[in-house]
Amino acid sequence: MQKSSSSSTLGPGGLDLTQAFFKQIQQTAPPSPTKRHTKISVIGAGNVGMAIAQTILTQDLVDVLALVDAKPDKLRGEMLDLQHAAAFLPRTRILADTDYAVTAGSDLCIVTAGARQNPGESRLSLLQRNLALFRSIVPPLAKYSPDAILLIVSNPVDVLTYVAWKLSGFPPNRVIGSGTNLDSSRFRFLIADHLDVNAQDVQAYIVGEHGDSSVALWSSISVGGVPILSFLERQEIAYEKETLEKIHKEVVQSAYEVISLKGYTSWAIGYSVANLSRSILRDQRRIHPVSVLAKGFYGISGGDAFLSLPAQLGRSGVLGVTNVHLTEEEGQKLRDSAKTILEVQSELGI
């Protein structure tokens, strides 16, 4: 498959336009060997993968963007569609191929490919099919980009991040799942909507499984630096626990609602993953709730579970996990969430 339609030569003689169009200044030195291009590869050119690619392009995060998918015609169509927007975007070289060699030298590999659940199919059967798919994806990525960071977006994201870690042989700091970064954004939006403030002024985390057993950390929520629950208690403002649980339930159900209305989710996860990519590649050292190797944190034990914890991200991947105070109830729910994930992983035989 053709990787790029761009070329500096025209005509049967192969006239090199760069030589004819530009004249070099005198006494030039070659480019510094220390300077290199930043490269991201996105695996899977479906709705989620292309939303991520489009957002990465518009936010000017990379010099080279590589797309990989099993469907060559769709893949080339997506590549051309993005390339044709070159006049409106920061300069980025866009490549596409069904061969994983196109990903060589990537700084960050984002995996969105995954099998869809068939009607009546069990969760274990779906997981086994995704495991087989990841066996064809992860080893080539590790081969062509041995120093890359893997960012897993495919669902179930926590278990598949564990699978990617096992298959890649990478250290755990370089294998990350998108986890509850988007769940936490939805959480912040709902709280901001209730209080009529900007969501960026809300500090709130959803942790644990990206799914039904996720945990809302109500005890650490703050708005504009003000801890919400302690403020309500000091002001003797009554609130019902059921109200808090209802907001958390809205977070869990929100993706299902979007899927039922438009058939899939794309834009929010696109922005979420671009947000993570920026923190990693620009060494922002920001804290995100992402799926990491959680063993040893908050009393989690019994196996190598990947689940979301507030983690500091930078150029080497996961720099550390923050020591957020949890109530006894929150800690137990988090450990229960880890147990749920470990039970699923035990069925994979990997």
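Residues numbered from 1 in each chain as written. Predicted model: local features only at pLDDT ≥ 70, side-chain atom pairs only at ≥ 80, totals over all residues. Heavy atoms only, no water.

An unreviewed UniProt entry annotates the protein as L-lactate dehydrogenase of Actinidia rufa. Note on the protein: under the UniProt heading Pathway (unreviewed entry), the record states "Fermentation; pyruvate fermentation to lactate; (S)-lactate from pyruvate: step 1/1." Word for word, the UniProt comment on the protein under Sequence similarities (unreviewed entry) is "Belongs to the LDH/MDH superfamily. LDH family." (UniProt positions renumbered as here; feature names shortened; annotations may be inferred.)

Asks: Mind laying out the layout of surface pockets, listing which residues take part and the relevant values?
Replies: Of the voids in this model, the second largest pocket is the one considered here, and its volume is about 590 Å³. In terms of lining residues, the second largest pocket is bounded by 20 residues, among which Ser185, Arg188, Gln200, Asn275 and Arg286 are the most central. Of all the elements in the fold, those that place two or more residues in the lining of the second largest pocket are helix 6 (181–195), strand 9 (202–203), helix 9 (267–281) and strand 14 (286–293). Ranked by the residues each element gives to the lining of the second largest pocket, the list is headed by helix 6, at five residues. Partitioning the lining of the second largest pocket into residue classes produces nine nonpolar, eight polar and three charged. (1 Å grid on protein atoms, 1.4 Å probe; cavity = no way out; pocket = protein on both sides within 12 Å on 5 of 7 lines; lining within 4 Å. Points joined across faces, edges and corners; volume = space filled by probe spheres on them. Helix = DSSP H or I, 4+ residues; strand = E, 2+ residues; numbered from the N terminus. Nonpolar A, V, L, I, M, F, W, Y, C, P; charged D, E, K, R; others polar.)

Asks: An account of the nonpolar core is requested, with residue identities and associated values reported.
Replies: Ranked by internal contacts, the top residues of the largest apolar core, which has 83 residues, are Ile40, Leu67, Ile110 and Leu150. Residue-level mapping places this core at the junction of two domains, with at least three residues from each of domain 1 (36–114 + 121–177) and domain 2 (180–347). Beyond its immediate sequence surroundings of up to four residues, isoleucine 110 is in contact with Ile40, Ser41, Val42, Ile43, Ile52, Ile56, Leu151, Val153, Val273 and Ser277. Membership of the second largest hydrophobic core comes to 16 residues, among which are Ala192, Ile221, Leu244 and Ile247. (Core = buried A, V, L, I, M, F, W, Y, C linked by side-chain atoms within 4.5 Å. Buried < 20%, exposed > 50% of the residue type's maximum accessible area, 1.4 Å probe, protein only. Domains from an automatic or database assignment. Contact = heavy atoms within 4.5 Å.)

Asks: Could you give me a rundown of the side chain of arginine 174, with the residues and numbers involved?
Replies: Tracing the backbone through its elements, the reader meets arginine 174 in the loop between helix 5 (157–168) and strand 8 (175–177). Buried charged residue arginine 174 carries no salt bridge. Nearest counter-charge: aspartate 147, at 4.9 Å. Polar side-chain contacts of arginine 174 include one of 3.2 Å to the backbone oxygen of proline 146. Those residues within four positions of arginine 174 in sequence are excluded, and the remaining contacts are Pro146, Asp147, Ala148, Ile149, Leu150 and Ser316. (Lys, Arg positive; Asp, Glu negative; His and termini not counted. Salt bridge = Lys/Arg side-chain N within 4 Å of Asp/Glu carboxyl O. Polar contact = N/O pair within 3.5 Å; in protein donor to acceptor, adjacent residues only side chain to side chain.)

Asks: Describe helix 2 (residues 47–58), naming the residues involved and giving the relevant values.
Replies: With twelve residues, helix 2 should reach 16 Å at 1.5 Å per residue; the first-to-last C-alpha distance of 17 Å fits that figure. The complete set of buried residues in helix 2 reads Gly49, Met50, Ala51, Ile52, Ala53, Thr55, Ile56 and Leu57. Buried residues along helix 2 sit against strand 3 (39–43), strand 4 (64–68), helix 3 (72–83), strand 5 (93–97), strand 6 (108–111) and helix 9. (Expected span 1.5 Å × (residues − 1).)

Asks: I'd love a proper account of the UniProt feature "binding site: NAD(+)" (unreviewed entry) in the protein, names of residues and values included.
Replies: Per the UniProt entry, the sites bearing "binding site: NAD(+)" (unreviewed entry) are Gly44, Ala45, Gly46, Asn47, Val48, Gly49, Asp69, Asn130, Val153, Ser154 and Asn155 in this numbering. Looking at where valine 48 falls in the secondary structure, it is placed in helix 2. The exposure class of valine 48 is partly exposed, given its relative accessible area of 23%. For valine 48, the residues in contact, after removing those within four places along its chain, are Thr112, Val153, Thr265 and Ile269. By relative accessible area, which is 16% here, aspartate 69 ends up buried.

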